[in-house]
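For reference, the chains in residue letters:
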Amino acid sequence: MRLQPFSLMAAMALPLFCGASMAQDGRVQPAPAEPAPFMIAPPEQPPAAKPPVAPAAPAAEPPAPSQPPKSATAATAPVPFAFKPLLPAARVTLEGESDSRNWAFFLTQDEAAADLNLDVAFQNALVVMPEASRLTVRINGERVIEQPIASSDRLARLSVAIRKALLRAGENTIGFEVVQRHRTDCTLASTYELWTRIDGAGTRLSFRSPDAAQLRLRGIDDLPSIGGDESGQTTINIVAPSASRAIAGNTILAVAQAVALRGRFGQVVVRVSERPPERLRPGSLTVVIGTANELGELLGSIPEEAATRSFLGFVASPKLGPATLLVTGQGWPDIEAVVAKILTEPVSRPTNINRTSMDTASWHTPNPPYVTGRQVLRFADLGVPTQESTGRRMRVRAVVAMPGDFFANAYGEATLLLDGAYSAEVLPGVSHIEIFVNGNVAATVPLNTTTGGLFQQFPITVPMRHFRPGINELWLEAVTIARTDLSCGPGATLPGKSRFALFDATSLAVPDFAKIGVKPNLAAVSGTGFPYSVAPRVALVMGRLDAANYGAAATLLARLAQRASRPIAVDPLANAATVGDRPALIVGAVGQLPSGLLPRVGIADTVRTTWPQRADAVVVSPDADGTAVFDAVLNRFQGRQTTPEDSGGVPQSTNEIRDRWRNSLGGPLARYLVAFDGWLQRTFDLSFAQLRTPSRSSSLYEPAEGTDLIAAQAADPDTRQVWTAFVARREEALESSVARIVTPGNWAAMAGRITAFRGGQETHVLSADRTSFFMTRPFSLTNMRLVLANWMSSNIGTYALTLLAACISLGIGTALMLGRLGRRS
């Protein structure tokens with residue numbers, strides 16, 4: 001789609017052409033003379049193109065539901081929420097000169113038929129030029145908002161009525177697109193200063209009728225319409241009077257996984273308690289589990305059909321609201337049976353059947369294909385349409401998924417077959433195309449011709465070292481600098497002629513790659529739930545059989561089940577002695593775990609007593625000019641302590657300072673080796689670190705200051721099965737710590753044998769010193785050749801020694817053979 005210049009006059013006239021006006025708070029209000037259409041059309045399309053639909057005047061933001069006093073219980077019916085959040089996170093940021101994001105949201109039949117407004121709240125960078133920048137919002141492919149981006153000092157709030165029949169029951173899609181231009185700067189660096197941030201608290205569907213806001217779920221298939229809260233999180237409140245009893249454990253964990261899978265939620269947090277929650281938020285579901293005798297007092301009354309037989313369905317509870325999922329029976333065996341039949345079986349994919357895609361609808365559409373071997377993926381199938389760019393930098397995003405036994409981190413190359421073109425205005429030398437995989441630069445192609453160029457299935461080699469099991473994001477970025485950007489005259493940042501075109505016939509050719517299980521490998525756990533996704537049964541060891549530990553374990557299992565695309569059968573155990581020959585998951589606070597368990601997953605046993613007593617973080621008190629902070633950082637980098645002579649002694653001369661630095665950096669030989677190592681990396685992509693041989697021993701891990709939670713994995717020394725532990729620092733913070741690590745950003749950061757989480761987003765990954773392999777597929781010489789090639793590429797030292805030994809053996813063998821042939825003198 002070619003982008004036309006968007007002038008200041010057009011931006012000012014836009015509301016007039018559309019029959020609407022902009023309020024001071026940013027809301028789109030209907031014009032007084034005639035009704036405005038539901039869609040804000042761009043200047044080039046007259047409003048007569050679609051029949052006008054008169055929206056109701058946008059209502060003010062609904063007040064927060066009244067909160068009961070802290071001493072009150074959930075005896076009163078919850079107040080219905082007059083809005084439905086739409087964003088998959090607290091904020092969605094669109095960056096650069098052009099960017100777009102698309103995802104799905106779900107509605108019940110009653111919600112789709114209701115009178116709804118779309119509310120959007122956004123804020124942009126100060127340097128964004130309003131006259132040439134605009135935000136477009138589409139629902140189910142139809143444009144409903146197009147607005148100049150002009151709100152750098154505060155949140156702009158827009159509200160438009162959605163026409164009838166646009167929304168449908170079930171899955172709907174929403175897309176945000178931005179075109180942004182810089183006010184004054186024409187450089188490439190200035191394009192990274194452009195952003196528009198969509199706010200989760202103010203972006204939502206709002207009901208114009210209070211009665212329609214009452215969520216009514218007709219069946220299990222309506223679970224996705226629960227959605228998320230303003231941060232994209234869905235909370236499953238499991239209320240079970242027997243939550244602290246072991247007999248309820250299997251049912252609680254099975255319900256949590258099945259609901260997360262059937263609901264297709266993006267971020268799931270499970271809370272387990274014996275009493276109903278005192279407060280409900282948008283994006284929350286209450287599940288009541290127990291026998292008929294246990295639930296009578298809790299609910300006040302239960303349906304007649306649930307009093308005499310097993311029951312699983314939604315009921316309207318005066319205490320918990322109209323969308324309460326009731327699971328009951330005469331006894332716990334009856335409850336387990338009804339959960340398995342109605343909830344679990346429809347999503348129980350057999351382990352020997354490969355899926356074709358991974359479900360990412362809650363934050364990205366379309367769903368990425370699940371690649372298990374040689375395959376060619378067209379950009380059109382990945383959701384990347386044909387498009388043109390008039391700016392200095394164009395970036396498109398595609399998502400693919402790899403299996404849990406993916407093993408091609410050092411060997412193998414994919415090929416991007418590019419279909420595109422660039423104009424003669426693009427300057428060679430400074431313009432190029434870059435391919436990113438999971439944020440890492442994978443390939444760069446310069447644009448060298450002065451007359452433009454046309455790419456027809458132009459091959460670009462993309463090493464597979466940056467791919468990982470599970471979700472992988474690919475970015476294609478075209479940097480197109482023109483001569484007008486160098487002079488940067490008036491109006492140079494405005495959209496002009498197209499500089500680059502990308503066609504949807506562009507494709508990614510993935511070769512056949514090695515497939516074998518690797519342990520330890522936390523990236524496989526976070527990516528596809530592997531190896532638990534293929535295990536018949538999994539042992540679950542918890543620090544304590546109570547509601548908090550069940551909630552933390554259920555949150556983790558819900559996340560694993562979503563990644564595995566199937567529920568994981570678990571057996572809650574009281575201690576690790578009964579794990580046996582099966583994979584194990586360990587969840588609990590460090591003080592709850594028995595002695596001797598942590599060393600089995602690579603964590604020092606002493607942390608059980610030392611870790612909870614440590615300070616939250618190291619705090620350096622700077623002096624007036626901040627030199628204490630600088631000295632502390634420098635000394636930590638050099639691995640030494642600050643001495644009185646360093647900080648408060650006699651000032652040193654230039655030669656003394658030079659000698660001290662020379663000694664700290666080593667002698668001439670050390671500096672030569674460092675320079676040679678850098679040359680190897682630049683020339684051959686090799687380094688001395690790659691010449692190591694696999695280590696035969698690894699030290700036990702002790703967390704750094706401020707670490708809140710540790711994810712650790714190891715092969716059990718006795719059974720060689722995979723054990724993965726999620727250990728929190730404090731017992732009271734177990735549920736909140738687990739809830740933080742299952743957020744998409746933290747969960748995707750897990751890798752290696754140990755990942756330590758500190759605070760909200762900070763992670764520390766410790767790679768495995770040694771790994772072992774296990775077969776996941778039938779034996780194949782082709783696959784084993786790929787496995788050996790990748791292993792040799794990862795262990796250059798072993799490969800070099802093997803090659804040297806082979807050459808020596810060949811030379812000795814040749815000499816011996818020639819000595820026995822021919823005439824002797």
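We now turn to the structure provided with this report. A quick note: this is a predicted structure, and the numbers were derived from the prediction, not measured. (Residues numbered from 1 in each chain as written. Predicted model: local features only at pLDDT ≥ 70, side-chain atom pairs only at ≥ 80, totals over all residues. Heavy atoms only, no water.)

Description of the sheet that holds strand S29 (residues 538-542)
Sheet strands pair via backbone hydrogen bonds, and the direction of the pair is either parallel or antiparallel. We count it as follows: Whether two strands pair depends on DSSP finding at least two bridges between them. Only DSSP runs of H or I with at least four residues qualify as helices, and only runs of E with at least two residues qualify as strands; both kinds are numbered from the N terminus onward. Each axis is a line fitted through C-alpha atoms, taken for helices only over the stretch in contact, and angles between the N-to-C directions span 0 to 180 degrees.
The sheet built from seven strands is open, its strands ordered S30-S29-S31-S33-S32-S34-S35 with mixed pairing. Edge strands, defined here as strands with exactly one partner in the open sheet, are strand S30 (570-573) and strand S35 (762-766). Averaged over all neighbouring strand pairs, the angle between strand axes comes to 15°, with direction disregarded. Pairing between strand S34 (residues 754-758) and S35: five bridges, direction antiparallel. The residue of S35 that forms the bridge with Thr755 is Val765.

Here's the deal with the sheet that holds strand S5 (residues 98-107)
Taken together, the four strands give an open sheet; going across it, the order is S5-S10-S7-S8, and neighbouring strands pair in antiparallel fashion. Every interior strand has two partners, whereas the edge strands, S5 and strand S8 (142-148), have only one. Adjacent strand axes in the sheet meet at a mean angle of 15°, parallel and antiparallel pairs treated alike. Sheet analysis places strand S7 (residues 134-139) next to strand S10 (residues 170-179), joined by six bridges and oriented antiparallel. In the strand pairing of S10, Arg138 is matched with Gly175.

Looking at helix H18 (residues 796-819)
The test is simple: To estimate the expected span of a helix, count its residues, drop one, and scale the result by 1.5 Å. It only takes one pair of heavy atoms within 4.5 Å for two residues to be counted as in contact.
With 24 residues, H18 extends 34 Å between its outermost C-alpha atoms, agreeing within 8% with the 34 Å of an ideal straight helix rising 1.5 Å per residue. Contacts from the buried residues of H18 go to helix H17 (781-794).

Let's talk about a nonpolar patch on the surface
This is how it is decided: Note on patches: the residues involved have over 30% relative accessible area and no salt bridge, like charges join within 9 Å, and the nonpolar side chains Val, Leu, Ile, Met, Phe, Trp and Tyr join within 5 Å. Computed by Shrake-Rupley with a 1.4 Å probe, the accessible areas treat only the displayed protein chains as cover when residues are assessed. Whenever Lys or Arg places a side-chain nitrogen within 4 Å of a carboxyl oxygen from Asp or Glu, that contact is recorded as a salt bridge. A 1.4 Å probe rolled over the protein chains alone gives each residue an accessible area, and that area as a share of the maximum for its type sets the label: buried under 20%, exposed over 50%, partly exposed in between.
Residues Leu801, Leu804, Ile808, Ile812 and Leu816 make up a contiguous nonpolar surface patch of roughly 500 Å² in combined accessible area. Here Ile812 shows up in helix H18. Ile812 gets classed as partly exposed once you look at its relative accessible area, which sits at 48%.

What to know about the state of the cysteines
What counts is decided by this rule: For this text, the term disulfide refers to a pair of cysteine sulfurs within 2.5 Å.
Taken as a whole and assessed by the stated rule, the structure comprises one disulfide. At a sulfur-sulfur separation of 2.1 Å, the disulfide partner of Cys186 is Cys488. Disulfide Cys186-Cys488: torsion about the S-S bond near 75°, hence right-handed. With Cys186 in the loop between S10 and strand S11 (195-199) and Cys488 in the loop between helix H7 (483-487) and strand S26 (500-502), this residue pair connects regions lying 302 residues apart in the sequence. Relative accessible area serves as the criterion here: at 1%, Cys186 is assigned to the buried category. Its relative accessible area of 25% is what places Cys488 among the partly exposed residues.

Looking at the pairing of strand S12 (residues 204-207)
The alternating pattern of S12 places Arg204 and Ser206 and Leu205 and Phe207 on opposite faces, both of which are buried. Sheet analysis places strand S3 (residues 83-85) next to S12, joined by three bridges and oriented antiparallel. Along S12, the bridge assignment pairs Phe83 with Ser206. Examined bridge by bridge, strand S6 (residues 116-124) and S12 share four bridges and lie antiparallel to one another. Paired with Asp119 across the strands is Arg204, a residue of S12.

A look at unusual backbone geometry
A cis amide bond, omega 0°, links Lys519 with the succeeding residue Pro520. Structurally, the position occupied by Pro520 is in the loop between strand S28 (517-519) and helix H8 (522-528). Cis geometry is adopted by the peptide bond preceding Pro531, which originates at Phe530 and carries an omega value of 5°. The topology assignment puts Pro531 in the loop between H8 and S29. If you check the backbone angles, Arg264 has positive phi at about 55° while not being a glycine. Mapped onto the elements of the fold, Arg264 is located in the loop between helix H3 (249-263) and strand S14 (267-273).

Any link to function would need more than the numbers given here.
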